[in-house]
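Descriptive structure summary
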Amino acid sequence: MAGCAYGWTYAVETPGRLRHCLRGISVFDELRAIQREFGYLPVEQLHRVSQRLKIPVSQIHTVISFYPHFRLTPPPKLDVRVCTDMTCHLRGAPQLQARLREVFRNKTSDEFTLRDVSCLGRCDSAPAFSVNDQIYAGLPVDQIVELLRSGASAPKQTLSDRVQRAQPLGTDPYGGFGEYRAVKRFLETSDYAGVIATLKASGLRGLGGAGFPTGLKWEIVRNAAGKQKYIVCNADESEPGTIKDRFIMQHLPYLVVEGMVLAGLVTGARKGYLYIRHEYDEPREVLQKEIDRCYRERILGKDILGSGRTFDLEIFVSPGGYICGEESALLEALEGKRAEPRNKPPFPGTNGLWNMPTVINNVETFTCAAAILVRGVEWFKAQGVNGSTGLKFVGISGDVVRPGVFEVPMGTSYRDLIFNCAGGVIDGRTLLAFAPSGPSSGYLPASMLDLPLDFKAVADAGSMVGSGAIVVCADNRCMLDMALNSVRFFRNESCGKCVPCRVGSQKLVTILSAWSSGESKPDDMQLCDELFQAMRMTSICGLGQVVPAPITSVMQHFPQVIEDHLNRKRCPAGVCFQPVAVM
């Protein structure tokens, strides 16, 4: 049954109902504006929002309580949050926190607070931190301390300061300025079947982690019944180590937009949303400039280039949270609700945004789709090496000399990626392990460095290419400590909707914390096996299903590390069983 309750969307069938339900989208902009003005969300302001949008205050609180970015009480004078996930954990976050606690130990909670924060998307400049919601990264510890002591503001950092294009990008058919050739060609031919066939022939699949065939996804939405259809770009990369979409949005915004316009024209969708994480101010500004240009040049809007076709596109800034990267949770957030994943089926291709057929692809997928439709299938297939197809953007971080984003041929070995692209392991150390795609992929040992960047090859090795977030661990790292750090991230970011994920992730953190402090129990291994199976089989979404991946991979590839911690009460790397050193 379609309809809305209190301006919050449950399902939509008619344009009139759609306009009514769009108030759900505006609630986040209202809340952000209030928090920018007051530093938090005063009760009287929430009542005004309630009256203005005709939404009960209780419903507004339901949303506010879900997203950690919103505050209901005044913040301290200095609200410092340090990213403690994966790459930042490797590159000094624990020591930075210890130093700040020591320096500001006599401050009251009204003057200073120090908290953990999940990945801020600055993995190439770790450790990252925020001060009163302004994000910084790559600063020396002494400079951080001095800034906080003086109350001064550091110069605003821009992402382009830290990401340089050394050469033209192979994916870019235009050499730096979008010409929208594929859009113009489609408007001349209206050959939607040809576009879908081209994408299928290219073998392009989702490059955000799931790997679903792109041509098939667009075909499903094209053939689905619906009075309205939508195109959604998932630019909410929030998993530790994942930074490549940020780079693409900054340097190839026109291909992102062209890919979305093409998807809209092919499927019959007339509206698109680019869903971007709220920490990405600069990429958002770059994209907005490109969108504005497209409206001026009639590549977006009504009567595109005189064709009589319509496609509108707007940026939606995420209210925050890793779970928003899950496609159905993202749709819930777009509808102005708590970002809790939906049960599947049905899938977004038939029942997506406002229960209408929806294409959801990530930034890199739309970018590659546009490039393929400009240059052709044979160009794309010729880009890979060692039997693989296409180009891939990867982010490499952790214990490497040159962390950053790299455009490489599919089929390139992880050895080449880490040692040639990223300059090898820092301080001349030996590589111990690497995660092919952040915590979701688990960890692989150095003996697997010759694996190619290939979906099947990495899957056969028990991991995944995923989003290409490669995180490197040197030989002085403890892999139990790294597994605990990854599982803790998932615990922190669980939406809490389903019991297996909510309870299971916390239980795993408790067990692994005990192992790292010499307090293991005889039945821990059996309990872990039961938790692994329950979470994989019964969690609603992918987050709960991959929570065990970090520790199961360590158990498989680094059994001696587990043996030493559990039976000998020792950490070979000297990381566990002792306090964090102060920098």
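Residues numbered from 1 in each chain as written. Predicted model: local features only at pLDDT ≥ 70, side-chain atom pairs only at ≥ 80, totals over all residues. Heavy atoms only, no water.

1. Some remarks on the sheet that holds strand β5 (residues 128–131)
Within a sheet, neighbouring strands are paired by backbone hydrogen bonds and run either parallel or antiparallel to one another. Counted only if it meets this: Strands pair, by our definition, only if DSSP identifies at least two bridges between them. Under the scheme used here, helices are H or I runs from DSSP no shorter than 4 residues and strands are E runs no shorter than 2 residues, and both carry numbers assigned from the N terminus. All axes are obtained by fitting lines to C-alpha atoms, using only the stretch in contact for helices, and the reported angles, taken between N-to-C directions, cover 0 to 180 degrees.
Within the open sheet, the 4 strands sit side by side as β4-β3-β5-β6. Their pairing is mixed. Pairing within the sheet leaves two strands with one partner each, and these edge strands are β4 (112–117) and β6 (134–137). Strand after strand, the sheet turns through a mean of 25° between neighbouring axes, direction not considered.

2. Here's the deal with the sheet that holds strand β13 (residues 431–439)
The line we're drawing: Two residues form a contact once any of their heavy atoms are found within 4.5 Å.
Across the sheet, which stays open at both edges, the 5 strands sit in the order β12-β11-β15-β13-β14 with mixed pairing between neighbours. The outermost strands of the open sheet, each flanked by one partner alone, are β12 (404–409) and β14 (444–445). Looking at chain direction, β13 and strand β15 (residues 469–474) are connected through 4 bridges and run antiparallel. Paired with L431 across the strands is A474, a residue of β15. Strands in contact with helix α11 (residues 244–251) are β11 (391–398) and β12; relative to β11, the strand with the most contacts, it is inclined by about 125°. Relative to the sheet, helix α19 (residues 479–493) contacts β13 and β15, its axis offset from that of β13 by approximately 10°.

3. Here's the deal with the side chain of D124
For the record, the criterion: When a residue's accessible area, from a 1.4 Å probe over protein chains only, is under 20% of the maximum for its type it is buried; when over 50% it is exposed; and in between it is partly exposed. Residues adjacent in sequence count toward polar contacts only when both atoms are side-chain atoms; beyond that, a polar contact is any pair of N or O atoms within 3.5 Å, and within protein one must be able to donate a hydrogen and the other to accept it.
On the secondary structure map, D124 appears in the loop between β4 and β5. Taking the relative accessible area as the measure of exposure, D124 reaches 9% and is therefore buried. Within the local environment of D124, its side chain forms a polar contact with the side chain of R246, the two groups lying 2.7 Å apart.

4. Some points on the environment of G203
Position of G203 among the secondary structure elements: in the loop between α9 (192–202) and α10 (214–223). Expressed as a C-alpha distance, the spacing of G203 and C123, which sit 80 residues apart in the sequence, is 30 Å.

5. Describing the pairing of strand β7 (residues 230–235)
Taking burial as the measure, the 6 residues of β7 include 6 buried ones, the bulk of the element. Inspection of the sheet shows β7 paired to strand β8 (residues 271–276) by 6 bridges, in the parallel sense. Directly across from I231, in β8, lies its bridge partner G272. Two elements, β7 and strand β10 (residues 358–362), share 5 bridges in a ladder whose sense is parallel. If you follow I231 over to β10, its bridge partner there is V359.

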